[in-house]
Structures are given as C-alpha cells and as structure tokens.
Amino acid sequence: MAMENDALIGQQIGAYYVQSKLGEGGMARVYKAYHARLRREVAIKVILSQIAQQADFRVRFEREAQLVASLQHPNIVAVYDFGDFGSQTYLVMQYVGGGTLRDKLRGGHALDPRQATMYAVQMGKALHHAHMRGIVHRDVKPQNMLVSSSDPNQLLLSDFGIAKLYDSRHEPTLLNIAGNTTAQDPSLTSFDQIVGTAEYMSPEQVNGEPVDARTDVYALGVVLFQMLTGEAPFHSTTVQGLLFQHVHTPPRPLREVNPYVSNTLAYIVAKAMAKAPAARFQSAEEMAQALEAANANATYRLPPSQPLNPAFQGAPPADSLTAPSLNRPSLYGQPSQVNIPGVASAYGPQPAFGDTPAYGSSARITHPSGAGMIAPPVRRPARRQPISYIITAVVLLLALALILAKTGILPIFNNNSNPSSNIAQAFTENFQNNDRNWTIGTLNNLTASINNNQYALQIRNATNGQTYFPHPAIGTLPDKFTLTVKIEETQVDQNPSFYGLAFRESQNASGGVSSYALAIYPNGTFAVLKFDPNASNGFIPLGQSSQAFSAIKTGSSQWNELKVVVNGSSFSFYVNGTPLPGTNAPDTSYSGGQLALLVSGTNAAFAANQVTLTTP
C-alpha cells in the first residue's frame, strides 16, 4: 500500500496525530505521530488485524506492554503508551529518527571494527538490563536497532517482547515446510510459520526449545558478524535452508571474510554463535564486557605481559574476559564532542566513521592499520562449483533432513530435546588455567592475572579505596549451594582494606552491584554485608564482629579458608572450619546471580588458590 493512500495517515489515534508511515512488517505497521499536548514526536506500532484478533491476544498484549514499558535504559527504545483504536491495537514508543543499523549495512557495507564493537557493547548492556527483569527479546536483528538522530554513536534496541507477544504458541517454534516467505523480505518468516527472523535465529529457537538470555546472545553474535563483514554468516534462498544451517552448519570463520578483524573479535563472535547454549557467553553482560576489553578504543589497557591479539587456537584469549563489576568507569566514557561538528555524544570520543565500501570494492579498507589491524595475506580465489552442483547438494541435504525429522532422529523439527541449563554446576578451581573465564586484565586500578596456580589481584592507587567483584563465567547460582574460597592478602594495605567471597552478585544498568558477601579485615574482624545500590554507602551490614575472631589468620601471606552454606534465604558462614557467630540472619532480597571474590583497598594485593562450588 502506498504511503499516501494509507487510511491512518492524518487520523487521530487517541492523543496522537498520525503524520506519516515509517515502515511495515509481517506483524505491524509503524507510523510517525505527534502528541500535541506533550509536544512530542512518537512512533506508533499498529498491530495487524489478523494478529490482534487471536484468542487472548489483548490480555497477553497488555501484560507484555506493561512489562516492556518498565525497561529504562539509554540503549532501549522507551514505551510510552498502548491502547485500542476501533478494532486495532497499538503501542506508542519513543521516536528515534536516525534510521536503523540495517540501513548502515545495506549493500554489503561493513562497519569499522571499533564502531561495530561499540554498538555491540551497547546492545549487550541493553539486553542484559532486560534479561535481569525476566525479558528475553527473541528477535535481535539490525532492523530492531535504531540509530539516534542526535548522536550517531548511540544505538537503541526496540521491539522487546514483541516476538513472544505475537506467538500464540508461546514457546514452540514450528516450521512450515512449504517455505513461503513474506513479500517484504525473504529472510523474514511469515506469521503462520515461525516467530522471528530466520537469519538471526538460534538453534534452540529453530528446534522449538525454551529460550533464555543465551538465545539473544546468539543473535547478537550474528549481528556482530554482519557488522564486521557486511554479510550474514548464513545464506540460503529458502527459510528452511537458513534454519538448517543455524542448527547444523558452522559459520564461516570471520577472518576468512574480513582478515582485518582481530583474532580476539573473531573469537568473541565464534563463542557467541556456539550451537550449544552452554558453550556461549552465559549472559549478554559477559559478552559486552569481553567486547569492551577487546576494543582498541577502551579507556583501559591490558598489562604489558598480556598480548592484545593472541593467536586464536580455540582457547579464550587473554583480553576477552570479564571486567570487575563495581566502580568501573562509564562504559562509554564521559560526555564529550565526537568528530561530528555540533553533535555532542554521551558515548565518549569516537573515530570519524565514513561509509565503508562494499565487499569487492578496491576501496574497501584504505588504511587497515588505522583500525589497529594487520594487512591481510594474499588469498587465492576459491574455486567455484557449478551452480547445478550446489542446487543438487542443497536439495539432497534438505530431503535427508526431512526424512530424519519424520523418523525422530533429527530434532530440528521436533520438540523432544532437553536444552542445557544456565544453572552453575559444581566445580573445583585450582587456577591451573582460565577455562572458567575469570576476570583478567586491568581496569580502574585493579589488575587480575592467573599465574603459578594462583589468581592474583592487585589494587594500585585507588582513590579512597575501591571494591571489586572478580568472577568466573559459570552461570547462575542455584537456590542451594556451598561456596568455599581459599584466599589471602599478600600485600596489606596501610589504608582500610578487606577481602572475602560474594554470592548472588548482579549489576544494574547504572553499574550498581547487588550481592551478599563475607568480608575479612586485616585486624582479624569480619562482616557479612549486603551490597545494595540504594544504600547510602553501597552496603548494609547483616552481621559483624567488633573484636578479632580467633579463627582468622592475620598478617600478610596468611591463607584463610572462607565458606558459606546457602539454603534459600538462610546463610551459614565459616572461617577455617569454625562457624562465625551472629552471621545467620536470613535475607530474601536476592536470588540467582553469580559467585565472585571480594577485594577492596587503595594499595593492596590478594591471591586465591582454590574456589569450590558444591550443590546438593
């Protein structure tokens, strides 16, 4: 339907005057509108009638709209209002007038790796904000990433919860073997086939399995692959072909497509796109922190002993691990002027990004060294197979997949698989390597490294003392567990310092930490703390000693074994096998989260040589 013939243009929908049509998809039309009383431009998403007329849609729509409207994050499009207009249902959102990320990628254009990393970090933080509130996006793609018209360095994620809202089956994903696609975009699946976008769908979505935060991590990995290369990792003329590849075909190594991308970024993309959820980053925040560490324009650097671009041999590179969770500097830097005259950015100084030429162009990348990359080796052109061979091979593979699916051997079209859990499993860590992705590197006065079977943590010149929560990437803590940490203070601080263990640790969008912790002080006293971003000094004491406790070893290089036994809201603490008195006050504020070590000081050093998690 032509824009000028749209019946809604010029109409009043509630308090909103519809000005123009912005776009249309398989589920809704989007219009630009104006709220006269508030003098504010908005975007209105009007749900197509065939979807809005589903049984119980109105109830689900209201529930999801209220939930999504609760998200408040600088990289999430705000939801202002929702309602009905005659027989139509609509959602009112923040108007973002800078176009979409998809517009930037049209024609095979890739982004400068630094800009791609910056955008992916913002999207990871936005997704984590939603995940912490129980919302999985389900349809992460460049079309849903909007560029701010006032700041081209700011990207906003839209359509949270929309995929779930439109899915009358809720969790299962069903494939229509007929292969019909929408007229607007062959990569988009129509409503009666599958909910989502085939180019970005995770294997568990394709298989009809339950989804969680790692589903969005996979899709963000696909988007990052596309930003860095100018093309999606999988290509097919049919929806079935794309979905089959997501489940069974490894993506082409990123550096084969764009040799200018660093090994570290290639590793991060590969990990995010792992077929098994358990092999991916276990949270969008973890992926964002890995990207931040890898970004050549980050506000911190790794210590000289840590190579910036280690050879990718299937193991995590030293600069791809997570950063401390508390007292970190702003993710995007302080407000400053970017290289765009007259445009102030909240995302720090960024290089001037021009349009990267499309692949195949001699002007593709004119100054590879400017991106901190090495020049690519000369590659022989790949031998191209006749197109008839390729078509025959694809047809045979699809036919085989259908036969196996019918017999139940292949789970792609079934709903009988058991997805991996994101709950942390029992382990003993002796720091022989970094298989569990502990915090590594230097950030905000803390340097973390693994050497000689010890996890060394050094705080240098931290003004007024700072607190950190270095942690592994092992998933969410269960309701019941025992955490044991053997740790010492190797350099006692002249200023107040402490160390210990933390559990149920999480971070909000503004960087505030929520956690329970056991803290040991150099004088032999202890405290059980509840870290709360809303507390006046950041934490609330739940139990503490005013005098030295005899079981605590004091002085430098004195190991203490700290243990907490958690049973729901009941906590029991021990030092060197001795129960700590007055520390069993129950608290029900936090659940889930992750485990961490706890270190704090101005100039101090600590080491841990063993961490054990046991579960019932």
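Every chain is numbered independently, its residues counted from 1 as its sequence is written. Predicted model: local features are reported for residues with pLDDT of at least 70 only, side-chain atom pairs are reported and counted for 80 or more only, and whole-chain, interface and lining totals are derived from all residues. Based on all heavy atoms of the structure, the side-chain values leave hydrogens and waters out of the count.

1. A short note on the overall build of the protein
Within the protein, the secondary structure is distributed over 12 helices and 25 strands. Counting over 616 residues, the protein shows a buried share of 53%. The long-range fraction of contacts in the protein, counting pairs at least 24 apart against all pairs at least 6 apart in sequence, stands at 66%. The method behind every accessible area is Shrake-Rupley, applied with a 1.4 Å probe, and residues are considered shielded solely by the protein chains displayed. For the protein, the accessible surface area stands at approximately 26900 Å², while carbon and sulfur atoms represent 51% of it. Helix numbering and strand numbering both begin at the N terminus, where a helix is a DSSP run of H or I of at least 4 residues and a strand a DSSP run of E of at least 2. For each residue, the accessible area found with a 1.4 Å probe, counting protein chains only, is set against the maximum for its type, and the residue is called buried under 20%, exposed over 50%, and partly exposed in between. Pairs of residues are marked as contacts when any of their non-hydrogen atoms sit within 4.5 Å.

2. Describing the packing of aromatic side chains
Aromatic rings from Phe, Tyr and Trp, with only the six-membered ring used for Trp, were paired whenever their centres fell within 6.5 Å, and each pair was classed as stacked if the ring planes differed by under 30 degrees, edge-to-face if by over 60, and tilted otherwise. Within the structure shown, the criterion is met by 14 aromatic pairs. Centroid distance phenylalanine 526 to phenylalanine 549: 5.8 Å. Interplanar angle 80 degrees. Geometry classified as edge-to-face. Residue phenylalanine 526 is located in strand 19 (residues 526-531), and its partner phenylalanine 549 is located in the loop between strand 20 (539-544) and strand 21 (560-567); the two are separated by 23 residues in the primary sequence. Among the residues examined, phenylalanine 526 registers a relative accessible area of 1% and is labelled buried. Lysine NZ or arginine CZ positioned within 6 Å of the ring centre and within 35 degrees of the ring normal marks a charge as sitting over the ring. Directly above the ring of tyrosine 590 sits lysine 530, whose terminal nitrogen or CZ lies 5.6 Å from the centroid.

3. Regarding the sheet that holds strand 15 (residues 466-468)
Taking strand neighbours across the sheet as the criterion, the 6 strands line up as 15-24-17-18-19-20 in an open arrangement whose pairing is antiparallel. Of all the strands in the sheet, the pair left with one neighbour each is strand 15 and strand 20. Ignoring which end each strand starts from, the neighbouring axes of this sheet average 25 degrees apart. Note: strand 15 against strand 24 (residues 594-601), 3 bridges, orientation antiparallel. Pairing of tyrosine 468 across the sheet is with valine 599, part of strand 24. DSSP bridges decide pairing: two strands pair if at least two such bridges lie between them. Note on definitions: angles span 0 to 180 degrees between N-to-C directions of axes, and those axes are lines fitted to C-alpha atoms, for helices only across the stretch in contact.

4. Some thoughts on the pairing of strand 24
Burial analysis of strand 24 places 8 of its 8 residues in the buried class, the great majority of the element. What you see with strand 24 is no split at all: Gln594, Ala596, Leu598 and Ser600 on one side and Leu595, Leu597, Val599 and Gly601 on the other are buried throughout. Taken together, the 6 bridges between strand 17 (residues 498-507) and strand 24 define a ladder with antiparallel strand orientation. Along strand 24, the bridge assignment pairs glycine 500 with leucine 598.

5. A short note on unusual backbone geometry
The phi dihedral of asparagine 461 falls on the positive side, at around 55 degrees, and the residue is not glycine. Of note, asparagine 461 is situated in the loop between strand 14 (454-459) and strand 15. Residue class for asparagine 461 comes out exposed when judged on its relative accessible area of 58%. With phi around 55 degrees, arginine 504 is a residue other than glycine that occupies positive phi space. With respect to the secondary-structure elements, arginine 504 resides in strand 17.

6. Some remarks on the packing of helix 7 (residues 213-229) against helix 11 (residues 284-294)
Contact geometry for helix 7 and helix 11: axes closest at 10 Å, N-to-C directions at 30 degrees. Here helix 7 is positioned roughly parallel relative to helix 11, judged by the angle of their axes. The crossing of helix 7 and helix 11 is right-handed. Across the interface between the two elements, Val217, Leu220, Gly221 and Leu224 from helix 7 touch Ala284, Met287 and Leu291 from helix 11. Gly is placed with the polar residues, together with every amino acid not listed as nonpolar (Ala, Val, Leu, Ile, Met, Phe, Trp, Tyr, Cys and Pro) or charged (Asp, Glu, Lys and Arg). Each residue belonging to the contact of helix 7 with helix 11 can be placed in one class, and the counts come to 6 nonpolar, 1 polar and no charged. These descriptions rest on fixed angle ranges, namely under 35 degrees for roughly parallel, over 145 for roughly antiparallel, 65 to 115 for roughly perpendicular, and the rest for oblique. A crossing counts as left-handed when the near helix is turned anticlockwise from the far one by less than a right angle, and as right-handed when that turn is clockwise.

7. Observations concerning the sheet that holds strand 5 (residues 79-85)
Here we have 6 strands laid out as an open sheet, ordered 1-2-3-4-6-5, and antiparallel in their pairing. Of all the strands in the sheet, the pair left with one neighbour each is strand 1 (12-13) and strand 5. Sheet analysis places strand 3 (residues 28-35) next to strand 4 (residues 40-47), joined by 8 bridges and oriented antiparallel. Across the sheet, the residue bridging to valine 30 is lysine 45, located in strand 4. Relative to strand 5, helix 2 (residues 57-69) is tilted by about 165 degrees, and along the sheet it contacts strand 4, strand 5 and strand 6 (88-94).

8. As for the nonpolar core
In a soluble, globular protein the nonpolar side chains are often hidden away together inside. Joining through side-chain atoms within 4.5 Å is the link that ties buried Ala, Val, Leu, Ile, Met, Phe, Trp, Tyr and Cys residues into a set, and such a set is a nonpolar core. Core analysis: the largest hydrophobic core is formed by 74 residues, its most contacted members being Leu101, Met145, Phe160, Leu224, Met227 and Met287. Counting residues in each nonpolar core, the second largest holds 46 residues, with Ala462, Leu477, Phe571 and Val575 among its members.

9. Description of the pattern of salt bridges
Any carboxyl oxygen of Asp or Glu within 4 Å of a side-chain nitrogen of Lys or Arg constitutes a salt bridge here. Under the definition given, this model contains 13 salt bridges. Put simply, arginine 436 and glutamate 429 hold a salt bridge, and the shortest N to O gap is 3.3 Å. Residue glutamate 429 is classed as buried on the basis of its relative accessible area, which comes to 3%.

10. Some points on the confidence of the model for the protein
Here the protein averages 74 in pLDDT, while 71% of its residues score no lower than 70. Per-residue pLDDT, averaged within each element of the protein, yields its smallest value for strand 9 (residues 336-337) (25) and its largest for helix 7 (96). Confidence of the prediction at every residue is given by pLDDT, a number between 0 and 100. Confidence over residues 297-385 falls short of pLDDT 50; this stretch has 195 contacts with residues more than four positions distant or in other chains.

11. Some points on helix 2
Expected span of a helix, by definition, is 1.5 Å for each gap between consecutive residues, and there is one gap fewer than residues. Its 13 residues place the ends of helix 2 18 Å apart at the C-alpha level, agreeing with the 18 Å of an ideal helix rising 1.5 Å per residue. Restricting attention to buried positions, one finds in helix 2 the residues Phe57, Arg60, Phe61, Glu64, Ala65 and Val68. Down the axis, helix 2 shows its buried residues gathered within 125 degrees of arc, on one side only. The arc in question is formed by the directions pointing from the helix axis toward the C-beta atoms.

12. Observations regarding helix 11
Summarising burial for helix 11: 11 of the 11 residues are buried, a large majority. Of all the residues in helix 11, the buried ones are Ala284, Glu285, Glu286, Met287, Ala288, Gln289, Ala290, Leu291, Glu292, Ala293 and Ala294.

13. Things to note about the side chain of threonine 229
Note that threonine 229 resides in helix 7. Here glutamate 231 takes part through its backbone oxygen, which lies 2.9 Å from a polar atom of the side chain of threonine 229. Pairs of N or O atoms are called polar contacts if they sit within 3.5 Å, as long as, within protein, a hydrogen donor faces a hydrogen acceptor (for residues adjacent in sequence, only side-chain-to-side-chain pairs).

14. Let's talk about the packing of helix 4 (residues 113-131) against helix 7
Running from N to C, helix 4 and helix 7 point in directions that differ by 165 degrees, and their axes come no closer than 10 Å. For the element pair helix 4 / helix 7, the angle class is roughly antiparallel. Like other packed secondary-structure pairs, helix 4 and helix 7 cross with a definite hand, here right-handed. Seen from helix 4, the contacting residues are Pro113, Ala116, Tyr119, Ala120, Met123, Gly124, Leu127 and His131; seen from helix 7, they are Ala213, Asp216, Leu220, Leu224, Met227 and Leu228. For the contact of helix 4 with helix 7, a count of residues per class yields 11 nonpolar, 2 polar and 1 charged.

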